[in-house]
Amino acid sequence: MPLDDVRVVELGQLLAGPFCGQLLGDFGAEVIKVEDPKGGDPMRQWGRERPYGKSLWWPVVARNKKSVTANLRSGAGQDIVRRLIESADVLVENFRPGTLERWGLSPEKLWELNPRLIITRVSGFGQTGPYSSRAGYGSIGEAMGGIRYVTGDPDRPPSRAGISLGDSLAATFACVGTLVALHQRARTGRGQVVDSAIYEAVLAMMESLIPEYQIAGYQRARTGSTLPNVAPSNVYPTADGEIILIAANQDTVFKRLAEAMDRPELATDKRYATHGARGESMAELDNLIAGWSAKYTADDLLSKLNEHGVPAGRIYQAKDMLTDPHFAAREAITRLIHPELGEFAMHNVVPKLSESPGRIRHVGPELGEHNDEIYRDLLGLGDDDVVSLRSAGVI
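This structure is a prediction, so every number in the text was calculated from the model and none was measured.

Right, let's get into the layout of surface pockets. For the largest pocket, the calculated volume is near 830 Å³. Lining the largest pocket are 38 residues; nearest its centre among them are Gln13, Leu14, Asn94, Phe95 and Tyr137. Where the lining of the largest pocket is concerned, the elements lending two or more residues are β2 (30-35), β5 (118-123) and α6 (138-145). For the lining of the largest pocket, the residue count by class is 17 nonpolar, eleven polar and ten charged. The calculated volume of the second largest pocket comes to roughly 710 Å³. Phe19, Trp57, Ile163, Ser168 and His347 are, among the 28 residues lining the second largest pocket, the residues nearest its centre. Going through the elements one at a time, α1 (16-26), α2 (58-61) and α7 (165-188) are the ones with two or more residues in the lining of the second largest pocket. For the lining of the second largest pocket, the per-class residue count stands at 13 nonpolar, eight polar and seven charged.

Further remarks concern the environment of Glu280. Here Glu280 lies in helix α11 (residues 275-280). A relative accessible area of 72% means that Glu280 is categorised as exposed. In this structure, the C-alpha to C-alpha distance between Glu280 and Arg102, residues 178 residues apart in sequence, is 57 Å.

Looking now at α7. Along its 24 residues, α7 runs 34 Å from first to last C-alpha, staying within 8% of the 34 Å computed at 1.5 Å per residue. Regarding α7, the residues found buried are Gly166, Asp167, Leu169, Ala170, Ala171, Ala174, Cys175, Gly177, Thr178, Ala181, Leu182 and Arg185. Directly after α7, the chain includes Gly189, whose backbone phi takes a positive value near 80°.

A complete count under the given rule lists six aromatic pairs for this structure. Measuring from ring centre to ring centre gives 5.2 Å for Phe95 and Trp103, while their planes differ by 75°; the resulting arrangement is edge-to-face. Exposure class is identical for Phe95 and Trp103. Each is buried. Taken together, a centroid distance of 6.3 Å and an interplanar angle of 40° make the contact between Phe125 and Tyr199 tilted. Highlighted residues: Phe125 in the loop between β5 and α6 and Tyr199 in helix α8 (residues 198-203), separated in sequence by 74 residues. When its relative accessible area of 7% is taken as the criterion, Phe125 is described as buried. Overall, the relative accessible area of 23% leaves Tyr199 in the partly exposed class. Grouping aromatic residues by their ring pairs yields a cluster made of Phe125, Tyr131 and Tyr199. Positioned over the ring face of Tyr131 is Arg134, at 3.8 Å from the centre of the ring. For the cation-ring pair, Arg222 lies above Tyr149, with the distance from its terminal atom to the ring centre recorded as 5.2 Å.

Before going further, it helps to examine the pattern of salt bridges. According to the stated counting rule, one finds 26 salt bridges in the structure shown. Of the charged contacts, one joins Glu101 and Arg121 as a salt bridge, the two residues approaching to 2.9 Å between their closest N and O atoms. In this pair, Glu101 is assigned in helix α4 (residues 99-102) and Arg121 in strand β5, connecting sequence segments 20 residues apart. The class for Glu101 is partly exposed, based on a relative accessible area of 35%. For Arg121, a relative accessible area of 4% corresponds to the buried category. Residues joined in a network through salt bridges with shared partners are Arg7, Glu30, Lys66 and Glu373.

Among the nonpolar cores identified, the biggest contains 42 residues, and Val6, Val8, Cys20, Leu24, Ala29, Val90 and Met346 are the most heavily contacted of them. Taken together, the elements giving at least two residues each to this core come down to α1, α2, β4 (90-93), β5, α7, α8 and β11 (342-347). Looking at this core element by element, the count peaks at seven residues for α7. In this view, Val90 contacts Val6, Arg7, Val8, Val9, Leu117, Ile118, Thr120, Thr178 and Leu182; residues no more than four positions away in its chain are not counted.

Conventions we followed
Residues numbered from 1 in each chain as written. Predicted model: local features only at pLDDT ≥ 70, side-chain atom pairs only at ≥ 80, totals over all residues. Heavy atoms only, no water. 1 Å grid on protein atoms, 1.4 Å probe; cavity = no way out; pocket = protein on both sides within 12 Å on 5 of 7 lines; lining within 4 Å. Points joined across faces, edges and corners; volume = space filled by probe spheres on them. Helix = DSSP H or I, 4+ residues; strand = E, 2+ residues; numbered from the N terminus. Nonpolar A, V, L, I, M, F, W, Y, C, P; charged D, E, K, R; others polar. Buried < 20%, exposed > 50% of the residue type's maximum accessible area, 1.4 Å probe, protein only. Expected span 1.5 Å × (residues − 1). Phe/Tyr/Trp six-rings, centres within 6.5 Å; stacked < 30°, edge-to-face > 60°. Lys NZ or Arg CZ within 6 Å of the ring centre and 35° of its normal. Salt bridge = Lys/Arg side-chain N within 4 Å of Asp/Glu carboxyl O. Core = buried A, V, L, I, M, F, W, Y, C linked by side-chain atoms within 4.5 Å. Contact = heavy atoms within 4.5 Å.

The values are spatial; any link to function lies outside them.
Here it is, written out as structure tokens:
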């Protein structure tokens, strides 16, 4: 696998750091996750549904990883990290800035042990600046980064996506930065710090929001299921009670939609002929399309739109994904075996590589499952050492 020569030590917990570790592990990196011996990563308990007392989130975010335990607040636990660092390529952490430094694990100290080490740090506000020491969850980063203000309906307070968007974006950018740093290390032989802030990761997705305000004095706001001046791109009703999303805002695509509607004259109507005109006539155009779409069942409507090359689709739920033939053909969802829950479906590795694809080898491990493998085989600790650390509550 493309990253099977990369060893990652993951110190973080919850999502922002661990999702970065998950992405690296998906492509073969050996990810050694260090957890507190008293309970491990709280992600082991998180998630709305917990059959048999088991989190359904943990097997996903911890997939492909090895779990060892160490109390990082103890000197002996910190020594374990130092020993792991000596042979590691990457350290991933998402503690509040300054935590590693308090533990004697600052980048400068770690580079004395391993100058090639890449230190990937994910936090709410970054490692510098007046807010760096503040507690920063993903939701706060989403608010400050701008995405909360533009999400939801205009007549209601800002909404949120039903996922941990800010954490996942920061982790994704952290992974990109880690891969860039690995490439640079191949040139220089030295590691560096990758500093990924949640609010900046969200901000990076905000398109032209900043210059729109700075130059044009326009502040993007909540617009529900539409985007201002982008039409038609909305959800439309069907005869059997479903809603179908149709995106035909480009001139050539709108022409094809007009033909599908048996209204080819719409494509030359001055109210709809151009992108700008359709934006100004958005409400009128949406009503026109909704009146047409409501005459068809969802299946018939999608068939007609696909036949004319108009982008359209259902708004999927999990049940739709598990039965969709395209998902199946591309193996977008894979099934593994969980030791207690049996067959366990989850999303597969993204993106797909033609020559060196990623792969999920196993679901998230039990707490401390790899203590013997890592501490005895990798670090060379003897039986007495392991027993002593365990009895002292270090591992």
